[in-house]
Amino acid sequence: MKNLKSQLQNNQNVKILTEEKNEFTLEIENNYIINIANLLLGKNYLSLLTIVAVDLEEKIKLIYRLADIENNRFINLQTFVKNGEHIESLSDLFKSANWLEREVYDLFGVKFLNHPNLTRILNPDDFKGFPLLKNAKKSLKKSKNPNQLTFF
Amino acid sequence: MNFITAKSDKVIKWARKNSLWPLTFGLACCAIEMMSTGASKYDLDRFGCGAFRATPRQADLLIVAGTVTNKMIPRIKTLYDQMTYPKYVIAMGNCTINGGPFSEHSYSVTKNLDEIIPVDIYVPGCPPRPEALLEGIFKLQEKIQNEKS
Amino acid sequence: MKTYTLNIGPQHPSTHGVLRFVAEINGEEIQNLKCDIGFLHRSIEKILENKEYYQGIPYTDRVDYLAPINSNFPLVLAIEKLANIEVPEKAEYIRVITSELNRIASHLLWFGAFNLDLGSFTPFMYGMREREKILSIFEKLTGARMLYNYLRIGGVAKDLYEKFEDDVLRFLTDLDNKLVQYNKLVTKNIIFKARTQGVGKLSKDLALKYGVTGPSLRASGVNYDIRKKIPYSIYSKLEFDVPTYQKGDAYSRFRVRINEINESMKIIRQCLIQIPKKGDFINKPPVVFKVSPGETYIPTEAPRGELGIYLVSDGTEKPYRVKIRSAGFNTLNCLEELAIGQKIADLIATFGSLDIILPEVDR
């Protein structure tokens with residue numbers, strides 16, 4: 001743990017926000033995400049448990065929760081994506097990022113580069129709009145055509 | 001020689017109402033109460049409705065138990081069309097009647113089931129008790145007995 | 001190689017919910033599997049942003065309706081942490097007792113449904129019969145059979161009734177005797193073993209890469225239980241074991257859950273001895289309830305895995321963002337890789353043993 005902490009403190013691209021017994025909260029720029037993910041993967045943080053997205057009007061805050069389950073250590077990575085910008089996908093390094101990033105795209109509209117299959121997952125395929133943004137229109141278009149089925 | 005005479009109409013309706021075969025179509029929380037009704041404490045088999053069939057071609061009662069979302073509408077329509085006449089529909093739970101707890105601020109829930117398929121009996125509750133579902137089935141049996149054929 | 005596309009549609013005779021599999025098969029073996037979810041997406045997270053804090057508790061009931069008290073728990077803990085509200089000791093014990101009773105009820109229903117998937121009907125009736133006894137205890141306590149809306153900010157809604165302890169102890173002694181019979185009927189049954197041993201092997205590596213938690217991870221050799229590693233409420237004062245198996249197949253997952261029923265019974269017995277006889281059951285906050293700005297993440301151990309809530313508050317009466325992290329989402333993602341090379345009947349056995357329910361995945 002001390003080894004990781006000193007490595008993070010000496011790194012200029014990483015800012016440590018809070019630090020508890022076995023849980024760190026770090027803030028990074030969104031173009032540094034692949035580097036820090038590789039670094040943490042080397043330190044046995046093998047699982048990506050969840051990705052939380054919060055809409056802050058002009059930008060969207062993404063929080064990745066990485067875990068080293070066998071040793072009970074956690075890291076919350078915080079980064080910001082401005083409206084219209086993209087961020088790299090982590091689906092090569094963490095397999096659970098496949099569906100988690102699809103969910104963030106479906107509900108918030110954040111585009112992930114190099115994702116194998118970035119399509120809607122919870123809403124129907126012909127749904128228009130990103131519903132969980134704060135300025136989503138109330139009358140989002142719904143498809144009520146009974147002869148329409150979804151094929152892959 | 002012993003024989004009983006009756007109108008064929010009444011005999012056919014009596015046979016039909018005492019052997020309704022439901023389709024396994026539980027969507028959400030109300031499905032668990034439907035399963036409890038079919039289990040041993042509130043036995044549904046003693047009223048003839050115990051044989052849950054998996055395919056719509058062999059069923060004549062569709063109990064829609066749970067919330068209907070927009071993505072599910074084409075499938076419900078297909079299932080209803082695949083059932084053969086005479087067929088009946090029970091709308092179970094508040095979510096199928098008018099949206100239930102999801103009637104406001106939701107972008108993906110269909111508020112009214114009877115805009116999609118014609119409904120015979122509504123059973124309110126969130127979720128309705130097994131006794132309430134049994135009462136709904138009794139009302140359906142009364143309705144079948146008094147139908148004009 | 002020419003494959004045949006088979007659609008295992010959203011309406012199917014299993015009881016796990018509306019889920020659609022699109023399988024490409026060659027003979028009986030699956031070459032590729034895709035899951036189509038979203039048939040039960042009820043936009044709970046959007047609704048919670050428009051309701052006040054205490055109005056959101058019944059919606060978390062409906063996220064995992066087989067263990068509603070376990071689903072209320074993280075939301076209530078998150079709100080109390082941000083608002084600095086302390087919960088009286090008797091209320092903590094009541095919360096743990098009811099939440100462990102819910103865990104037993106959920107595992108009993110899973111026991112019945114898993115066997116129904118494999119084709120045997122009798123364990124389903126036995127599981128539902130035992131579950132009805134728990135539901136009648138809850139009906140006397142809260143007024144409802146399912147979806148109780150029982151936990152409140154600062155405690156619980158009602159105090160325990162007079163004969164609660166007698167009812168619960170009588171139920172636990174009865175369940176002890178019945179579990180011996182069920183072990184003879186199912187766990188040592190030759191057909192059940194042939195159907196589940198060696199099927200759906202989830203290696204430790206794959207489970208960690210997909211972020212799988214809960215009994216499915218414990219059956220693959222990782223000893224991780226949030227009640228022991230990140231204890232919340234009063235779990236640090238209780239003694240219980242965490243059953244772990246090494247093989248990772250469907251039979252190990254079955255045995256983990258049966259052993260967890262025994263551990264929950266131990267916890268309930270300890271709580272009934274340690275609970276203070278007199279005390280408040282709630283520390284009531286004011287009706288117009290505002291929370292200081294901040295954000296927090298609370299993980300808890302639900303019967304299916306890690307259920308966590310990330311709560312962001314901006315100082316008003318309604319939360320700014322509530323994110324529900326459910327265990328079924330990651331596990332179902334893992335099933336897409338786990339099913340490759342299996343036969344279709346084995347896919348149903350694997351899917352049943354992972355204990356996924358769809359409203360948790362779709363929210």
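Description of the structure in this document. (Residues numbered from 1 in each chain as written. Chains lettered and ligands numbered in written order. Predicted model: local features only at pLDDT ≥ 70, side-chain atom pairs only at ≥ 80, totals over all residues. Heavy atoms only, no water.)

Some words on the interface of chain C and chain A
Between chain C and chain A, the residue contacts involve 40 residues of the former and 36 residues of the latter. When chain C packs against chain A, the two sides together hide about 3500 Å² of surface, and 58% of this comes from carbon and sulfur. For the chain C face of the interface with chain A, the top three residues by lost area are Leu208(C), Tyr320(C) and Phe329(C), together amounting to 17%. Here chain C and chain A share 6 salt bridges between them. A salt bridge links Lys204(C) to Glu70(A), with the nearest nitrogen and oxygen atoms 2.9 Å apart. There are 15 residue pairs in polar contact (both at pLDDT 80 or more) connecting chain C and chain A. Considering every element that reaches the side of chain C that touches chain A, the biggest residue donor is helix H12 (residues 327-338) of chain C, with 6 residues. (Contact = heavy atoms within 4.5 Å. Buried area = accessible area lost by both parts, 1.4 Å probe. Salt bridge = Lys/Arg side-chain N within 4 Å of Asp/Glu carboxyl O. Polar contact = N/O pair within 3.5 Å; in protein donor to acceptor, adjacent residues only side chain to side chain. Helix = DSSP H or I, 4+ residues; strand = E, 2+ residues; numbered from the N terminus.)

Considering helix H5 (residues 122-142) of chain C
Here H5(C) contains 21 residues, and its C-alpha end-to-end distance of 30 Å stays within 8% of the 30 Å for a straight helix at 1.5 Å per residue. Gly143(C), located one to two residues past H5(C), shows a positive phi value of around 105°. (Expected span 1.5 Å × (residues − 1).)

Some points on the interface of chain C and chain B
On the chain B side, the residues contacting the 35 residues of chain C number 34 residues. Of the roughly 3100 Å² buried between chain C and chain B on both sides combined, carbon and sulfur atoms contribute 63%. Here chain C and chain B share 4 salt bridges between them. In this structure, the salt-bridge partner of Glu139(C) is Arg129(B), at a minimum N-O distance of 2.6 Å.

A look at the pairing of strand S3 (residues 88-92) of chain B
All names here are of chain B. Among the 5 residues that make up S3, 5 are buried, leaving the element largely enclosed by the rest of the structure. Across the two faces of S3 the burial is the same, with Tyr88, Ile90 and Met92 and Val89 and Ala91 all buried. Pairing of strand S2 (residues 61-65) with S3 involves 5 bridges; the strand directions are parallel. For Leu61, the partnering residue across the bridge sits in S3 and is Tyr88. (Buried < 20%, exposed > 50% of the residue type's maximum accessible area, 1.4 Å probe, protein only. Pairing = 2+ DSSP bridges.)

Don't take any of this as a statement about function, it's just geometry.
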